[in-house]
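Fold and contact review
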Amino acid sequence: MRLNRTIMASVLVAATAFTSLTDANAQSINAGERGESTVRPFTSRAIAEFDRPWALAFLPDGRMVVTEKLGKIFLVTRTGQKTEVGHVPVVAAAGQNGLLDIAVAPDFPTSSRLYFTYTEPGDNRSRLVLSRATLAISDSGASLSDGKVIWQQSPSGGGGQPGGIIAFDPAGLHLFFDRWRPHAGKHRAGSRSGARKGPAPQPRWERAR
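Calculation rules
- Residues numbered from 1 in each chain as written.
- Predicted model: local features only at pLDDT ≥ 70, side-chain atom pairs only at ≥ 80, totals over all residues.
- Heavy atoms only, no water.
- Salt bridge = Lys/Arg side-chain N within 4 Å of Asp/Glu carboxyl O.
- Buried < 20%, exposed > 50% of the residue type's maximum accessible area, 1.4 Å probe, protein only.
- Phe/Tyr/Trp six-rings, centres within 6.5 Å; stacked < 30°, edge-to-face > 60°.
- Helix = DSSP H or I, 4+ residues; strand = E, 2+ residues; numbered from the N terminus.
- Lys NZ or Arg CZ within 6 Å of the ring centre and 35° of its normal.
- Pairing = 2+ DSSP bridges.
- Axes fitted to C-alpha atoms, helices over the stretch in contact; angles between N-to-C directions.
- Polar contact = N/O pair within 3.5 Å; in protein donor to acceptor, adjacent residues only side chain to side chain.
- Core = buried A, V, L, I, M, F, W, Y, C linked by side-chain atoms within 4.5 Å.
- Contact = heavy atoms within 4.5 Å.

Re the pattern of salt bridges
- Following the criterion strictly, the structure yields three salt bridges and no others.
- Between Arg-52 and Asp-51 there is a salt bridge, with its nearest N and O atoms 3.3 Å apart.
- For Glu-120, the salt bridge identified is with Arg-127, shortest N-O distance 2.9 Å.
- On the basis of relative accessible area, Glu-120 is assigned to the buried category, the value being 18%.
- The partly exposed category is assigned to Arg-127, whose relative accessible area is 28%.

What follows is the structure, given as structure tokens:
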């Protein structure tokens, strides 16, 4: 059965914490000075539905780019109008793999670049890929152009959740790319199968190994 989920438009909080509770009866502790409140500091409403959405990022004008695990990217307006983005690379969608994270370049107003990760089909084994492309938007639609693979998993395969999370530093000078090491139980940094970093979107980061 296909799983449909709804993307909610809301005011974003600067940081979100994820807590895992091992005790069903565990109680939360308010470590700050603000008291508890039943009033939400934001409002939310459903604007669009997607088939297995995985990640979203906001463009400077408030529109969103949303990835679906099966290999689609949508440009979505604040009112929920969806436009499928063309020329998205073919992905190997199975289990936890497929089209994964997406990020807007810090210099998007001048470069129109998007960065995204996905699992690429191969000879019996898929591999994680980090790519960039230019988002072209016109009255007739939206599409990717000038696509370039920045990093490619080698060797391919390995199983497990591939990770593929993208983040920029606050100054927008470095791109951080997370590669989950299959079955290792933790993230590893500083190796070909660990976290990658370097100045972006300057071309010399793309050549770094």
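Some thoughts on the packing of aromatic side chains
- Taken as a whole and judged by the stated rule, the model has four aromatic pairs.
- Judged by centre distance (5.6 Å) and plane angle (75°), the ring pair of Tyr-115 and Phe-168 falls under edge-to-face. Of this pair, Tyr-115 sits in strand 8 (residues 113–120) while Phe-168 sits in strand 11 (residues 163–168), and the two are 53 residues apart along the sequence.
- The exposure class assigned to Tyr-115 is buried, which follows from its relative accessible area of 1%.
- Positioned above the aromatic ring of Phe-74 is the side chain of Lys-82, whose terminal nitrogen or guanidinium carbon lies 4.6 Å from the ring centre.

Quick look at the sheet that holds strand 5 (residues 72–76)
- The eight strands lie next to each other as 3-4-5-6-10-9-8-7, forming an open sheet whose pairing is mixed. For this open sheet the edge positions go to strand 3 (53–58) and strand 7 (99–104), each flanked by a neighbour on one side alone. Looking at each pair of strands side by side, their axes are set apart by 30° on average, direction ignored.
- Here five bridges tie strand 3 to strand 4 (residues 64–68), and the two strands are oriented antiparallel to one another. Pairing of Ala-57 across the sheet is with Val-65, part of strand 4.

Things to note about the environment of Thr-79
- Mapped onto the elements of the fold, Thr-79 is located in the loop between strand 5 and strand 6 (82–86).
- Put simply, Thr-79 and Ala-46 are 33 residues apart on the chain and 9.5 Å apart in space, counted from C-alpha to C-alpha.
- Side chain to side chain, Thr-79 and Thr-77 meet in a polar contact 3.0 Å long.

A short note on the nonpolar core
- Counting 21 residues, the largest nonpolar core has Leu-59, Val-65, Ile-102, Leu-114, Leu-135 and Leu-144 as its most contacted members.
- Sorting the residues of this core by element identifies strand 3, strand 5, strand 7, strand 8, strand 9 (127–138) and strand 10 (141–152) as the ones contributing at least two each.
- Here Leu-135 is in contact with Leu-59, Val-65, Val-85, Phe-108, Ser-112, Leu-114, Ala-142, Ser-143 and Leu-144, once residues within four sequence places are set aside.

A word on unusual backbone geometry
- For Arg-52, which is not glycine, the phi torsion reads 55° and is therefore positive.
- Classification of Arg-52 by relative accessible area gives partly exposed; the value is 30%.
- The phi torsion at Asp-146 lies on the positive side, around 55°, for a residue other than glycine.
- Checked against the element boundaries, Asp-146 lands in strand 10.

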